[in-house]
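Chain and residue survey
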Amino acid sequence: MKKLGFAVILLLGFAGMAVAQDVPVAEVFGGYSFFRCDAGDDISCNLNGWNAAVDFNASERWSVVADFSGHYGYLDGPVATPSGVYPWYDVKSHNFMFGPRYKMRTEKVTPFVHALFGINHINPEAGDTVQNNFAMAFGGGVDVKVSDKMSVRAMQLDYVTTRVDSDWNDNLRFSAGVVFNLGSR
(Lines give C-alpha, C1' and ligand atoms only; values in the text may rest on other atoms or scores of the structure.)
Protein backbone atom coordinates (compact mmCIF):
# COMPACT_ATOMS: atom_id res chain seq x y z
CA MET A 1 0.00 0.00 0.00
CA LYS A 2 2.89 2.38 0.77
CA LYS A 3 4.37 1.73 -2.70
CA LEU A 4 1.03 2.53 -4.36
CA GLY A 5 0.72 5.78 -2.38
CA PHE A 6 4.29 6.74 -3.28
CA ALA A 7 3.62 5.98 -6.98
CA VAL A 8 0.45 8.14 -6.96
CA ILE A 9 2.28 11.06 -5.33
CA LEU A 10 5.14 10.70 -7.82
CA LEU A 11 2.76 10.66 -10.81
CA LEU A 12 0.86 13.69 -9.53
CA GLY A 13 4.15 15.54 -9.08
CA PHE A 14 5.19 14.81 -12.68
CA ALA A 15 1.71 15.78 -13.93
CA GLY A 16 2.05 19.15 -12.20
CA MET A 17 5.41 19.69 -13.86
CA ALA A 18 3.95 18.77 -17.26
CA VAL A 19 1.20 21.39 -16.86
CA ALA A 20 3.74 23.99 -15.77
CA GLN A 21 5.79 23.35 -18.92
CA ASP A 22 2.79 24.32 -21.09
CA VAL A 23 3.02 27.91 -19.87
CA PRO A 24 5.09 30.05 -22.24
CA VAL A 25 7.71 32.40 -20.87
CA ALA A 26 6.25 35.23 -22.94
CA GLU A 27 3.31 35.81 -25.29
CA VAL A 28 3.48 38.37 -28.10
CA PHE A 29 0.21 39.75 -29.49
CA GLY A 30 -0.34 41.82 -32.62
CA GLY A 31 -3.48 42.75 -34.49
CA TYR A 32 -6.19 45.16 -35.58
CA SER A 33 -7.74 47.63 -33.15
CA PHE A 34 -10.82 49.89 -33.24
CA PHE A 35 -10.96 52.85 -30.85
CA ARG A 36 -14.21 54.71 -30.12
CA CYS A 37 -13.24 57.92 -28.36
CA ASP A 38 -14.97 60.64 -26.42
CA ALA A 39 -13.07 63.88 -26.91
CA GLY A 40 -15.44 65.94 -24.75
CA ASP A 41 -17.84 68.77 -25.72
CA ASP A 42 -19.97 66.46 -27.91
CA ILE A 43 -16.94 65.53 -30.01
CA SER A 44 -16.35 61.86 -30.77
CA CYS A 45 -14.27 59.77 -33.12
CA ASN A 46 -13.96 56.31 -34.62
CA LEU A 47 -10.31 55.46 -35.08
CA ASN A 48 -8.76 52.38 -36.70
CA GLY A 49 -5.27 51.08 -36.02
CA TRP A 50 -3.18 48.41 -34.36
CA ASN A 51 -2.61 46.88 -30.93
CA ALA A 52 0.51 45.05 -29.77
CA ALA A 53 1.32 43.57 -26.38
CA VAL A 54 3.93 41.41 -24.67
CA ASP A 55 2.94 39.27 -21.67
CA PHE A 56 5.75 38.15 -19.37
CA ASN A 57 4.26 35.18 -17.51
CA ALA A 58 5.18 35.16 -13.82
CA SER A 59 3.09 32.02 -13.21
CA GLU A 60 0.43 29.94 -14.92
CA ARG A 61 -2.24 32.55 -14.16
CA TRP A 62 -0.45 35.89 -13.65
CA SER A 63 1.56 37.97 -16.10
CA VAL A 64 2.90 41.49 -16.49
CA VAL A 65 1.78 43.17 -19.72
CA ALA A 66 3.30 45.90 -21.85
CA ASP A 67 0.48 47.07 -24.15
CA PHE A 68 0.93 49.54 -27.04
CA SER A 69 -1.62 50.76 -29.57
CA GLY A 70 -1.95 53.34 -32.33
CA HIS A 71 -5.21 54.64 -33.79
CA TYR A 72 -5.74 57.01 -36.70
CA GLY A 73 -8.69 58.90 -38.16
CA TYR A 74 -10.53 62.13 -37.53
CA LEU A 75 -12.57 63.82 -34.83
CA ASP A 76 -16.16 64.66 -35.75
CA GLY A 77 -16.58 68.40 -35.18
CA PRO A 78 -17.07 71.23 -35.25
CA VAL A 79 -13.78 71.41 -33.41
CA ALA A 80 -12.44 74.76 -32.17
CA THR A 81 -8.64 75.00 -32.09
CA PRO A 82 -6.22 77.94 -31.72
CA SER A 83 -5.87 77.80 -35.53
CA GLY A 84 -9.62 78.07 -36.21
CA VAL A 85 -12.80 76.00 -36.26
CA TYR A 86 -12.80 72.79 -38.28
CA PRO A 87 -15.76 70.55 -39.23
CA TRP A 88 -13.37 67.66 -38.54
CA TYR A 89 -9.64 67.11 -38.35
CA ASP A 90 -7.17 64.27 -38.47
CA VAL A 91 -5.83 62.87 -35.24
CA LYS A 92 -3.28 60.24 -34.20
CA SER A 93 -3.69 58.59 -30.80
CA HIS A 94 -1.16 56.22 -29.20
CA ASN A 95 -1.43 54.38 -25.88
CA PHE A 96 1.55 53.09 -23.89
CA MET A 97 0.26 51.07 -20.91
CA PHE A 98 1.54 48.49 -18.43
CA GLY A 99 -0.05 46.35 -15.74
CA PRO A 100 -1.07 42.92 -14.41
CA ARG A 101 -3.11 40.34 -16.33
CA TYR A 102 -4.92 37.34 -14.82
CA LYS A 103 -5.52 34.32 -17.10
CA MET A 104 -7.84 31.35 -16.62
CA ARG A 105 -6.03 28.78 -18.77
CA THR A 106 -7.82 25.72 -20.15
CA GLU A 107 -6.67 23.27 -22.81
CA LYS A 108 -8.03 25.28 -25.78
CA VAL A 109 -9.30 28.64 -24.50
CA THR A 110 -7.66 31.24 -22.26
CA PRO A 111 -9.94 34.03 -21.05
CA PHE A 112 -8.17 36.92 -19.29
CA VAL A 113 -8.75 40.20 -17.47
CA HIS A 114 -6.33 43.05 -16.91
CA ALA A 115 -5.81 46.55 -15.49
CA LEU A 116 -3.38 48.74 -17.44
CA PHE A 117 -1.96 52.16 -16.61
CA GLY A 118 0.12 54.55 -18.67
CA ILE A 119 0.06 57.40 -21.16
CA ASN A 120 -2.22 58.41 -24.04
CA HIS A 121 -0.33 60.51 -26.62
CA ILE A 122 -2.52 62.58 -28.98
CA ASN A 123 -1.05 64.32 -32.02
CA PRO A 124 -3.71 66.35 -33.85
CA GLU A 125 -2.97 67.51 -37.39
CA ALA A 126 -4.86 70.82 -37.17
CA GLY A 127 -2.07 72.79 -35.50
CA ASP A 128 -2.97 72.01 -31.88
CA THR A 129 -0.28 71.14 -29.42
CA VAL A 130 0.59 67.53 -28.74
CA GLN A 131 -1.00 66.13 -25.58
CA ASN A 132 0.29 63.46 -23.20
CA ASN A 133 -2.45 62.34 -20.81
CA PHE A 134 -2.72 59.75 -18.04
CA ALA A 135 -4.64 56.69 -19.27
CA MET A 136 -6.13 53.56 -17.69
CA ALA A 137 -7.61 50.49 -19.37
CA PHE A 138 -9.77 47.87 -17.69
CA GLY A 139 -10.90 44.91 -19.72
CA GLY A 140 -10.20 41.44 -20.93
CA GLY A 141 -10.45 39.01 -23.78
CA VAL A 142 -10.25 35.46 -25.03
CA ASP A 143 -7.34 33.62 -26.69
CA VAL A 144 -8.11 30.42 -28.63
CA LYS A 145 -5.21 27.97 -28.93
CA VAL A 146 -4.31 26.94 -32.49
CA SER A 147 -1.03 25.15 -31.68
CA ASP A 148 1.56 25.09 -28.90
CA LYS A 149 3.24 28.15 -30.43
CA MET A 150 0.24 30.17 -31.61
CA SER A 151 -3.20 31.34 -30.51
CA VAL A 152 -5.84 33.61 -32.01
CA ARG A 153 -7.06 36.50 -29.88
CA ALA A 154 -10.73 36.25 -30.81
CA MET A 155 -11.46 39.47 -28.97
CA GLN A 156 -10.10 41.95 -26.48
CA LEU A 157 -12.41 44.65 -25.16
CA ASP A 158 -11.14 47.51 -22.98
CA TYR A 159 -12.74 50.47 -21.29
CA VAL A 160 -10.04 53.14 -21.67
CA THR A 161 -10.31 56.35 -19.68
CA THR A 162 -7.96 59.29 -20.17
CA ARG A 163 -7.42 62.36 -18.01
CA VAL A 164 -7.47 65.52 -20.17
CA ASP A 165 -7.00 68.73 -18.19
CA SER A 166 -9.43 68.18 -15.31
CA ASP A 167 -11.88 65.91 -17.18
CA TRP A 168 -12.00 62.16 -17.71
CA ASN A 169 -12.78 60.97 -21.25
CA ASP A 170 -14.45 57.58 -21.67
CA ASN A 171 -13.28 55.46 -24.60
CA LEU A 172 -13.77 51.91 -25.85
CA ARG A 173 -11.11 49.78 -27.56
CA PHE A 174 -11.71 46.49 -29.42
CA SER A 175 -8.78 44.40 -30.66
CA ALA A 176 -8.29 41.03 -32.38
CA GLY A 177 -5.26 39.28 -33.83
CA VAL A 178 -2.61 36.63 -33.35
CA VAL A 179 -0.66 35.59 -30.23
CA PHE A 180 2.74 33.90 -30.49
CA ASN A 181 3.93 31.81 -27.50
CA LEU A 182 7.67 32.02 -26.83
CA GLY A 183 9.57 29.51 -24.71
CA SER A 184 8.10 27.33 -21.97
CA ARG A 185 8.36 27.04 -18.20
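These numbers come from a predicted model, not from an experiment.

Right, let's get into the state of the cysteines. The tally for this structure, following the rule as stated, stands at 1 disulfide. Across the disulfide, Cys37 is cross-linked to Cys45 (sulfur-sulfur distance 1.5 Å). On the sign convention where negative means left-handed, the S-S torsion of about 120 degrees between Cys37 and Cys45 marks this disulfide as right-handed.

Attention now goes to the environment of Ser33. In this structure, Ser33 sits in strand 1 (residues 26–40). Residue class for Ser33 comes out buried when judged on its relative accessible area of 0%. Distance in space between the C-alpha atoms of Ser33 and Gly49 is 5.1 Å, their sequence separation being 16 residues. A polar contact of 2.8 Å, which involves the side chain of Ser33, links it to the side chain of His71.

Relative to the assigned elements, Asn133 resides in strand 6 (residues 131–145). Relative accessible area serves as the criterion here: at 8%, Asn133 is assigned to the buried category. Here the side chain of Asn133 touches Gln131 through a polar contact of 3.4 Å, side chain to side chain. Those residues in contact with Asn133 that sit more than four places away from it in its chain are Gly118, Ile119, Asn120, Ile122, Arg163 and Val164.

Attention now goes to the pattern of salt bridges. In the structure shown here, the tally under the stated rule is 8 salt bridges. Residue Lys103 is joined to Glu27 by a salt bridge in which the shortest nitrogen-to-oxygen separation is 2.6 Å. Linking Lys103 in strand 4 (residues 84–103) with Glu27 in strand 1, this pair joins segments that are 76 residues apart in sequence. Look at Lys103 and you get buried, because its relative accessible area is 2%.

When pLDDT is averaged along the protein, the result is 83, and 76% of the positions lie at 70 or above. Between the elements of the protein, mean pLDDT differs from a low of 49, seen in helix 1 (residues 2–21), to a high of 94, seen in strand 6. In the model, residues 14–21 has pLDDT below 50 throughout and makes 4 contacts with residues more than four positions away in sequence or in other chains.

Turning to a nonpolar patch on the surface, a few remarks are in order. There is a patch of nonpolar side chains on the surface, built from Tyr32, Met155, Leu157, Leu172 and Phe174 and spanning about 410 Å² of accessible area. For the nonpolar patch, the secondary structure elements donating two or more residues are strand 7 (150–164) and strand 8 (167–182). Checked against the element boundaries, Leu172 lands in strand 8. With a relative accessible area of 42%, Leu172 lands in the partly exposed category.

To continue, consider the environment of Asn51. Its location among the elements puts Asn51 in strand 2 (residues 43–57). Considering only alpha carbons, one finds Asn51 and Asp67, 16 residues apart in sequence, at a separation of 7.5 Å. When neighbours within four sequence positions are excluded, Asn51 is seen to be in contact with Phe29, Gly30, Gly31, Ser33, Asp67, Phe68, Ser69, Gln156, Arg173 and Ser175. Within polar-contact distance, the side chain of Asn51 engages the backbone oxygen of Phe68 at 2.9 Å.

The subject of this paragraph is the environment of Thr162. Considering the arrangement of structural elements, one finds Thr162 in strand 7. Exposure remark for Thr162: the relative accessible area of 4% places this residue in the buried category. Here the alpha-carbon distance between Thr162 and Asn132, two residues 30 residues apart in the chain, equals 9.7 Å. Those residues in contact with Thr162, other than ones at most four positions away along the chain, are Asn120, Phe134, Ala135, Asp167, Trp168, Asn169 and Asn171.

Calculation criteria
Residues numbered from 1 in each chain as written. Predicted model: local features only at pLDDT ≥ 70, side-chain atom pairs only at ≥ 80, totals over all residues. Heavy atoms only, no water. Disulfide = S-S within 2.5 Å. Helix = DSSP H or I, 4+ residues; strand = E, 2+ residues; numbered from the N terminus. Buried < 20%, exposed > 50% of the residue type's maximum accessible area, 1.4 Å probe, protein only. Polar contact = N/O pair within 3.5 Å; in protein donor to acceptor, adjacent residues only side chain to side chain. Contact = heavy atoms within 4.5 Å. Salt bridge = Lys/Arg side-chain N within 4 Å of Asp/Glu carboxyl O. pLDDT = per-residue confidence, 0-100. Patch = residues over 30% accessible without salt bridge, like charges linked within 9 Å, V, L, I, M, F, W, Y side chains within 5 Å. Areas by Shrake-Rupley, 256 points an atom, 1.4 Å probe, with all protein chains shown as cover.

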